[in-house]
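As a plain string of letters, each chain reads:
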Amino acid sequence: MYLNFYRLFRDTCLVAVNDGEVVGFALGMIDQTSTSHAYLNYLFVKENYRKTGIGKRLLEQR
């Protein structure tokens, strides 16, 4: 299910993978009227991977 987001929003979605398993993703949008603004819509980290810094690393990528 989560990879469908990536297929639709590949320019604004980052996926964290560990040993072939999707363990997190960040999905956002770039403002179409002002490309200097972006919005985070979803930040997902699988429960057993939380508190490991995956979310922080996803957000630091862009």
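Everything that follows concerns the structure shown earlier in this document.
All figures in this text were calculated on a predicted structure; none of them were measured in a lab. (Residues numbered from 1 in each chain as written. Predicted model: local features only at pLDDT ≥ 70, side-chain atom pairs only at ≥ 80, totals over all residues. Heavy atoms only, no water.)

The secondary structure content of the chain amounts to two helices and three strands. Listing each helix as α and each strand as β along the chain from the N terminus yields α-β-β-β-α. Per-residue burial for the chain yields a buried fraction of 26% across its 62 residues. Expressed as a percentage of contacts within the chain between residues at least 6 apart in sequence, the contacts between residues at least 24 apart total 23%. Put simply, the chain shows about 5000 Å² of open surface, and 51% of that area lies on carbon and sulfur atoms. (Helix = DSSP H or I, 4+ residues; strand = E, 2+ residues; numbered from the N terminus. Buried < 20%, exposed > 50% of the residue type's maximum accessible area, 1.4 Å probe, protein only. Contact = heavy atoms within 4.5 Å. Areas by Shrake-Rupley, 256 points an atom, 1.4 Å probe, with all protein chains shown as cover.)

What follows covers the environment of Lys-46. The topology assignment puts Lys-46 in the loop between β3 (38-45) and α2 (54-60). Sequence separation between Lys-46 and Gly-24 is 22 residues; the distance between their C-alpha atoms is 6.0 Å. Aside from chain neighbours lying at most four places away, what touches Lys-46 is Glu-21, Val-22 and Val-23.

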